[in-house]
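# Commentary on secondary and tertiary structure
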Amino acid sequence: MLFRSDKLGDLVDKMDNVKISTVVETIEAPVKHPLQNAWTLWFYKNDKSRSWDENQKAIITVDTVEDFWSLYNHIEVASKLPSGSDYSLFKQGIFPDWEDKRNQSGGRWMINLDKRQRSQLDDYWLEILFFLIGEHADQHAHQVNGAVVNVRAKGDKLGVWLADSSQPDSILRIGKMLKERLGIDPGERIGFNIHAEEKSAGKASSSKDRKSTRLNSSHPIDL
Ligand code: MGP
């Protein structure tokens, strides 16, 4: 009898353990919703003692909706970053510079904000992040490599980086989508800059000269 009740006791213990471990498993492995691509967040710290590339730091790569939100909720919003900082979100494996082999033939749509538009910066950036991770460029989504927000005292900038600047149709389509999503007035113009041109202009001239070069010739497409 004693033997039997011991056995029963063991069984009850075992079943209790089974229940507990099943519950723990359910809590530990909630279903996450995968993104079509994995995306890496980069932070650029404006440290004058380092080179531009050295100032780029990869923070984390996310590949689910839940991990994206957890990341977004844990980091400072762009408008609160020190001036001179950038956030970049790029497909995993792409360095956020003109030189990366997946960027070098591409360009970027630039949205330049007036100093007084600082209050809109975080909404614009979040909308762009949705555009990226939600693959909202549809059949042109393969063109979208990433996006950058430049926090600057002179006026913040948002750039959406595309892979191939020789595809005017998809560049225009993406530009139109961006204007619509951000609610940019159709009468307001945004410009597309080709990376290779920006890079060579940067090497050949001062910052002041570079601006006029861009305005005069490096906007093959304006919207
Ligand atoms: P920026 O950070 O894009 O704009 O470029 P900012 O700070 O508003 O300056 P402005 O010149 O547009 O008025 C600042 C500088 O960073 C550039 O002139 C380059 O020297 C360097 N830089 C920027 N980008 C995006 C790159 C890049 O992709 N590769 C390299 N090597 N340097 C870059």
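Notes on the structure in this doc start here. (Residues numbered from 1 in each chain as written. Predicted model: local features only at pLDDT ≥ 70, side-chain atom pairs only at ≥ 80, totals over all residues. Heavy atoms only, no water.)

### Some details on the pattern of salt bridges
Counted under the stated rule, the structure contains eight salt bridges. Between Asp67 and Lys32 there is a salt bridge whose closest N-O contact spans 2.9 Å. With Asp67 in helix 2 (residues 65–74) and Lys32 in the loop between helix 1 (2–28) and strand 1 (34–44), the pair connects residues that are 35 residues apart, well separated along the chain. By relative accessible area, which is 26% here, Asp67 ends up partly exposed. Across the pair Glu99 and Lys199 runs a salt bridge, and its minimum N-O distance is 3.9 Å. Residue Glu99 is found in the loop between strand 3 (86–91) and strand 4 (107–112), and its partner Lys199 is found in helix 5 (residues 195–204); the two are separated by 100 residues along the sequence. Note on Lys199: relative accessible area 27%, which makes it partly exposed. (Salt bridge = Lys/Arg side-chain N within 4 Å of Asp/Glu carboxyl O. Helix = DSSP H or I, 4+ residues; strand = E, 2+ residues; numbered from the N terminus. Buried < 20%, exposed > 50% of the residue type's maximum accessible area, 1.4 Å probe, protein only.)

### Considering the nonpolar core
One finds Trp109, Trp125 and Leu158 to be the most contacted residues of the largest nonpolar core, which totals 44 residues. No other element matches helix 3 (residues 121–133), which puts nine residues into this core. When residues no more than four places from it in sequence are discounted, the contact partners of Leu158 are Trp109, Met110, Ile111, Leu113, Leu121, Tyr124, Trp125, Ile128, Val148 and Val149. Residues Phe90, Ile94, Val148 and Trp161 belong to the second largest nonpolar core, which totals five residues. (Core = buried A, V, L, I, M, F, W, Y, C linked by side-chain atoms within 4.5 Å. Contact = heavy atoms within 4.5 Å.)

### Topic: the pairing of strand 5 (residues 144–150)
Where burial is concerned, most of strand 5 is hidden: seven out of the seven residues are buried. Where strand 3 and strand 5 come together, five bridges link them in antiparallel fashion. Bridging across to strand 5, Leu89 finds its partner in Ala147. Sheet topology places strand 5 next to strand 6 (residues 157–162); six bridges connect them, and they run antiparallel. Its bridge partner lying in strand 6, Ala147 is registered against Val160. Here strand 5 folds back onto strand 6 in antiparallel fashion, the turn holding six residues, of which Gly155 has a positive phi close to 140°. (Pairing = 2+ DSSP bridges.)

None of this, on its own, says anything about what the molecule does.
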